[in-house]
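What follows is each chain in one-letter form.
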Amino acid sequence: MIRAKPRSWRREALDELFGEIRSRRDELVEELLKVMARDRNASRVVRYGREDATAVVGGFENNLIDVLERWWCRVEQLDREFREFSTIGSPRQDEKKAAARKHACYEITQDPERAYTLNYLSTQQLLPAYQFPVETFSLDPGVPDTPTIYRAAAVAIEEFAPGNFVYANGHKLRSIRVLYPGGPGVGAVGTARSDAEAAGRLQAFHFCEVCDEAVESGRNTCPRCGDALGLATDVVFVDAFEAEESLRITSEEESRQRQIFDRRESLLTQSAVTCRLYSYPLHPVELLTLAEILVTNWGPLESKTGEGRRFWLCPDCGRHLPYDPADRAHERQVRSWRDYHTHFCSGEPVPLVLAHRFQADCLILNLLGRADTRTVGRRTLSPTAVTLAEALRAGAGRLLELEADELGVFVRRPPAGSSAEQIVFYETVPGGAGYLEEMAGRLPEAAKAAQEALYDHDCSKACYLCLKHYRNQGWHPFFNKDLVRDVLVTMVGLDHVEPETASHGAGAARLEQMIAARTSESDKTVSRYPKGEIEEPLRAALDRLGITDGERDFEVLDEEGRLVTVPDFAWPDLKIAVYCDSYAYHGKPDTLELDARKRNYLQSRGWVVFTFWGRTILRDPEGCARQVAEVLGSRRRQSELGAKGTAFSPPQGA
């Protein structure tokens, strides 16, 4: 057992270390510069110069004290709870939980490996590890024979979420509590209303109902779309959780194991340190350094509303009430939980959102939208944008040889009236590792790698070999890799561009300028092509692949016999249409909107639609033709299985 009650940790024991760091500050800065010199000289990274090295040395003292303060708060909490659980006659007596607290305390104070100072500081991301440091969350398993479980924060915010089940060392564990001690506000209790607030972990955010932007409380209008903001939502920043062994297996518990959480990601406006703009034609990219990302978990998704039902957490002790107190169907369970909870504290549970906030490099890809939004639950997104986002993430992973969780991506919901889409990529390594800087300069190569990831195997729309994985389950209904074939062909053909210094938001503004220049014909790189000038090279490329049965200028009629659209090439029996467009005409806003309606009409009826810009066809007609050929081959194979009920029915007007 824990024999002597710990009293404090000796901060003065570090005075000698801190004094040496201050006296050798300039020498340490020079040594840090040498570590990164090779990569900087080879232009692999542009950061980690003198300013960054000086900041690392200057901030080490406060960073180390913060880590040790959090460690001490956890030691005090474990000691207090061990004594309460092990006191004979106490209403909280529980030998199993007392043993678990004893083990957890031993682990962070005496264990030869976990409590080893350098190893512990590495686990807390203060010192280097054998890989890039990734912010981690911890789960105290609540059983004495299982060590603390660590996961990357991006994964743990769902896996360790209260009410969820985790399997470890032969135990079925249920997360029951978030841990507040050791938060950023330690020691500044003041007028705080709860432990969560005193620890500095509770904060209010507005979430714009128009564009989903996350805005810190205190503003009245959304800085991105200008719409009025509603009431603020309380979010709680936690990085440690507690579990207990679950021995009961009921149908209700089993259903909760399959729950999907309402996870949302936001780029906090104007949070970046620097911005550089890569002006790829019609695909301008912003590279932001040290921008802030906010990841939130709103709780298990409700099937009826498509919203997360939030987490009912006690703001004092962090314990989780797994039921809505207002739900009469669980009145008995709520009453039982309250009776048990009074043994620990007098706090009342409140609905909260879990949150994780960190700085990382971000890349924002701006491109023309296709007005094809769909609503699944609370998500209203473009299937084309969502598919392209995950495709480019996979392509960049292949190109840069990254692990699956080293890049994150999300699609920003466009403001009302906007015809553009924004895809945000971010590095999960705190502070950034330079991956997105390389991706920004090699965007065409990332698009080429995305083609290989998506189309080197046969699957319908998407599968776990290309686009799907556990973390993007909420996107699975949107995926359709046939939607981005033409987009990727265009991106593969983009020319290299040099970055320029800019401010956040320059990418969206540059896209608008590009559209305006092309529609006014002031952009001399784009011209209006005579009929046949871009169609014939594509026809010839198709001929070389043995494809000669496409119908030219096929008229698609609606159910009442009215003309809807006329693709340049069509295979009506297989529902494939190809448009060869000149941006000098089709780049006008009203024409883009009309094209989107026609494309959506066909896609809603099972057609695969390709739109190749004239410049893309003239540069790489074979590449365009290959994409058409792949879809033709796939649909012909499926059509041959008509006896099994998978044949394509001809469209109206064919």
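See the structure above.
Residues numbered from 1 in each chain as written. Predicted model: local features only at pLDDT ≥ 70, side-chain atom pairs only at ≥ 80, totals over all residues. Heavy atoms only, no water.

A.B. asks: Explain the overall build of the protein chain to me, and be specific about the residues and the numbers.
C.D. replies: When helices and strands are tallied, the protein chain shows 19 helices and 25 strands. Put simply, the protein chain has 654 residues, and 50% of those count as buried. For the protein chain, restricting intrachain contacts to residue pairs at least 6 apart in sequence, the fraction spanning at least 24 positions comes to 69%. Total accessible area on the protein chain is roughly 31300 Å²; 49% of this is exposed by carbon and sulfur atoms. (Helix = DSSP H or I, 4+ residues; strand = E, 2+ residues; numbered from the N terminus. Buried < 20%, exposed > 50% of the residue type's maximum accessible area, 1.4 Å probe, protein only. Contact = heavy atoms within 4.5 Å. Areas by Shrake-Rupley, 256 points an atom, 1.4 Å probe, with all protein chains shown as cover.)

A.B. asks: Could you give an account of empty space enclosed by the protein, with specific residues and numbers?
C.D. replies: Summed over all chains, the structure comprises three cavities of 30 Å³ or more. What the second largest cavity holds in volume is close to 40 Å³. Lining the second largest cavity, in full, are Leu367, Leu368, Gly369, Arg370, Ser382, Thr384, Ala385, Leu388 and Glu421. In terms of residue count, helix H10 (residues 383-400) provides more of the lining of the second largest cavity than any other element does, three residues in total. In terms of residue class, the lining of the second largest cavity is made up of four nonpolar, three polar and two charged. (1 Å grid on protein atoms, 1.4 Å probe; cavity = no way out; pocket = protein on both sides within 12 Å on 5 of 7 lines; lining within 4 Å. Points joined across faces, edges and corners; volume = space filled by probe spheres on them. Nonpolar A, V, L, I, M, F, W, Y, C, P; charged D, E, K, R; others polar.)

A.B. asks: So what about the nonpolar core? Which residues, and what values?
C.D. replies: With 50 residues, the main nonpolar core has Leu365 and Leu392 as its most contacted residues. Elements represented by at least two residues in this core include exactly strand E11 (285-300), strand E14 (350-368), H10, strand E17 (407-412), strand E18 (420-427), helix H11 (435-441), helix H12 (443-455) and helix H13 (485-492). In terms of residue count, the dominant contributor to this core is H10 (nine residues). Non-local contacts of Leu392, meaning those with residues more than four positions away in its chain, are made with Leu365, Phe425, Met439, Ala446, Ala447, Ala450, Leu488 and Met491. Judged by nonpolar contacts, the second largest core, of 37 residues, contains Ala156, Val238, Phe261 and Phe410. (Core = buried A, V, L, I, M, F, W, Y, C linked by side-chain atoms within 4.5 Å.)

A.B. asks: Give a description of unusual backbone geometry that names residues and reports values.
C.D. replies: Backbone geometry places Leu290, a non-glycine residue, at a positive phi of 50°. Topologically, Leu290 is positioned in strand E11. Of note in this structure, Asp553 is not a glycine but carries a positive phi near 50°. With respect to the secondary-structure elements, Asp553 resides in the loop between strand E20 (551-552) and strand E21 (556-557).

A.B. asks: Break down the pairing of strand E9 (residues 261-267) for me, citing the residues and quoting the values.
C.D. replies: Here E9 lies mainly inside the structure; seven of its seven residues are buried. The side-chain alternation of E9 yields two buried faces, one formed by Phe261, Arg263, Glu265 and Leu267 and the other by Asp262, Arg264 and Ser266. Here E9 runs beside E11; their pairing, made up of six bridges, is antiparallel. Within the sheet, the bridge partner assigned to Arg264 lies in E11 and is Thr296. (Pairing = 2+ DSSP bridges.)

A.B. asks: I'd like a rundown of the sheet that holds strand E25 (residues 608-613), residues and numbers included.
C.D. replies: Strands pair in a sheet through their backbones, by hydrogen bonds, and they do so in one of two ways: parallel or antiparallel. If you walk across this open sheet you meet the four strands as E20-E23-E24-E25, and the pairing is mixed. A single partner strand is all that each edge strand has here, and the edge strands are E20 and E25. Pairing analysis gives two bridges linking E20 to strand E23 (residues 569-571), with the strands arranged antiparallel. Within the sheet, the bridge partner assigned to Glu551 lies in E23 and is Ala570. Strands in contact with helix H15 (residues 535-544) are E20, E23, strand E24 (576-581) and E25; relative to E23, the strand with the most contacts, it is inclined by about 40°. (Axes fitted to C-alpha atoms, helices over the stretch in contact; angles between N-to-C directions.)

A.B. asks: Tell me about the packing of aromatic side chains, residues and numbers included.
C.D. replies: If you walk through the whole model with that rule in mind, you get 11 aromatic pairs. Counting every residue linked through ring pairs, the aromatic cluster contains Phe205, Phe207, Phe237 and Trp298. Sitting over the ring of Phe165, Lys172 keeps its end group 4.6 Å from the ring centre. Here Arg264 stacks its cationic end above the ring of Trp298, 3.7 Å away from the centre of that ring. (Phe/Tyr/Trp six-rings, centres within 6.5 Å; stacked < 30°, edge-to-face > 60°. Lys NZ or Arg CZ within 6 Å of the ring centre and 35° of its normal.)

A.B. asks: Account for the sheet that holds strand E2 (residues 149-152), naming residues and giving values.
C.D. replies: What the five strands build is an open sheet, ordered E2-E1-E8-E4-E3; its pairing is mixed. Because the sheet does not close on itself, it has two edges, and the strands there are E2 and strand E3 (165-168). Across this sheet, the average inter-strand angle for adjacent strands is 35°, counted without regard to direction. Pairing of strand E1 (residues 136-140) with strand E8 (residues 240-245) involves three bridges; the strand directions are parallel. Within the sheet, the bridge partner assigned to Leu139 lies in E8 and is Phe241.

A.B. asks: Account for the environment of Tyr180, with residues named and values stated.
C.D. replies: Within the fold, Tyr180 resides in the loop between strand E4 (171-178) and helix H7 (195-198). Residue classification places Tyr180 among the buried positions, given a relative accessible area of 3%. Along the primary structure Tyr180 and Arg74 are separated by 106 residues, whereas in three dimensions their C-alpha atoms are 9.3 Å apart. Among the polar contacts listed, one links the side chain of Tyr180 to the backbone oxygen of Cys314, at a separation of 2.9 Å. (Polar contact = N/O pair within 3.5 Å; in protein donor to acceptor, adjacent residues only side chain to side chain.)

A.B. asks: Tell me about the pairing of strand E7 (residues 233-237), and name the residues and values.
C.D. replies: Side chains on a regular strand alternate between the two faces of the sheet. Most of E7 is tucked away: four of the five residues are buried. Pairing of E7 with E14 involves three bridges; the strand directions are parallel. Of the residues in E14, the one forming a bridge with Val235 is Val353.

A.B. asks: Can you break down the pattern of salt bridges residue by residue, with the values?
C.D. replies: Going through the model one piece at a time under the given rule, you end up with 45 salt bridges. Across the salt bridge formed by Arg485 and Asp482, the nearest N and O atoms sit 2.9 Å from each other. Here Arg485 matches Asp482 in class, with each residue buried. When the shortest N-O distance is used, the salt bridge between Arg544 and Glu622 registers 2.4 Å. Of this pair, Arg544 sits in helix H15 while Glu622 sits in helix H19 (residues 621-639), and the two are 78 residues apart along the sequence. Overall, the relative accessible area of 33% leaves Glu622 in the partly exposed class. (Salt bridge = Lys/Arg side-chain N within 4 Å of Asp/Glu carboxyl O.)

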